[in-house]
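# Structural overview
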Amino acid sequence: MDLEARSLQPNVKAVLLAKLREYKSDLNNLKSEHKRLASANSNQAARDDLLESGMAYAMSVSANQRGRLMMSTERLNESSDRIKESRRTMLETEELGVSILQDLHQQRQSLLHANDTNK
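The text that follows walks through the structure, step by step, so that each part is easy to find. Per chain, residue numbering runs from 1 following the sequence as it is written. Local features in a predicted model are, by the rule used here, given only for residues with pLDDT of at least 70; side-chain atom pairs are given and counted only at 80 or more, and totals for whole chains, interfaces and linings are based on all residues. Water and hydrogen atoms play no part in the side-chain values, which are based on all heavy atoms of the structure.

A few words on the overall build of the chain. Each helix corresponds to a stretch of at least 4 residues labelled H or I by DSSP, and each strand to a stretch of at least 2 residues labelled E; elements are numbered beginning at the N terminus. Looking only at helices and strands, the chain features 4 helices and 0 strands. When the helices and strands of the chain are read in sequence order from the N terminus, they spell out α-α-α-α. A simple rule labels every residue: compare its accessible area, found with a 1.4 Å probe on the protein chains alone, to the largest value its type can have, and call it buried under 20%, exposed over 50%, or partly exposed in between. Scored against the burial criterion, the 119 residues of the chain give a buried share of 7%. Each accessible area value is a Shrake-Rupley result obtained with a 1.4 Å probe; residue values ignore everything except the protein chains displayed when judging cover. Here the chain displays about 10,200 Å² of accessible surface, and carbon together with sulfur accounts for 57% of that area.

Structure, rendered in structure tokens:
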């Protein structure tokens, strides 16, 4: 993704690289939070002894589902952001194309007018 962002036009590249840095920062924060939670889970055996086995299993399944849901939500949000950015880029490209076509039309009109005056 980093290579793709660096190969784009400078105005788009700056925005994408800033978002990429933000995503990398978020990833590092999530990794450190994961480490913190993983160390907190080291006491899982002691908690299982205190709770009924059925209750511990239910909590484990619930935590697993919650974790998967959070990861899926994060991926969905990232995908939505990429779609929004792609749409913005597409609209900018379309504007540029329209501008170029208008310039070409004006040049054509100038050439036709010059050709008519020379005849």
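So much for the structure itself; the text now carries on.
For this analysis, a salt bridge means a side-chain nitrogen from Lys or Arg found within 4 Å of a carboxyl oxygen belonging to Asp or Glu. Evaluated as defined, the whole model comprises 2 salt bridges. Across the pair Glu85 and Arg88 runs a salt bridge whose closest N-O atoms are separated by 2.4 Å. Remark: Arg88 and Glu85 occur in helix α4 (residues 53-118); sequence separation between them is 3 residues, near one turn of the helix. The buried category is assigned to Glu85, whose relative accessible area is 9%. Exposure remark for Arg88: the relative accessible area of 28% places this residue in the partly exposed category. With a closest N to O distance of 2.2 Å, Arg88 and Glu92 form a salt bridge. Here Arg88 and its partner Glu92 are both found in helix α4, 4 residues apart, which amounts to about one turn of the helix.

Looking now at a nonpolar patch on the surface. Residues Leu96, Ile100, Leu101 and Leu104 make up a contiguous nonpolar surface patch of about 390 Å² in total accessible area. Mapped onto the secondary structure, Leu101 falls in helix α4. Exposure above 30% relative accessible area and no salt bridge define the residues that can form patches, which grow by joining like charges within 9 Å and nonpolar side chains of Val, Leu, Ile, Met, Phe, Trp and Tyr within 5 Å.

Inspection of the secondary structure assignment puts Asp81 in helix α4. Taking the C-alpha atoms as reference points, Asp81 and Lys19, separated by 62 residues in sequence, lie 9.4 Å from one another. Each polar contact in these results corresponds to two N or O atoms within 3.5 Å; when the atoms are within protein, one needs to be able to donate a hydrogen and the other to accept it, and residues that are neighboring in sequence are counted only if both atoms are side-chain atoms. Here the side chain of Asp81 touches Tyr23 through a polar contact of 3.1 Å, side chain to side chain.

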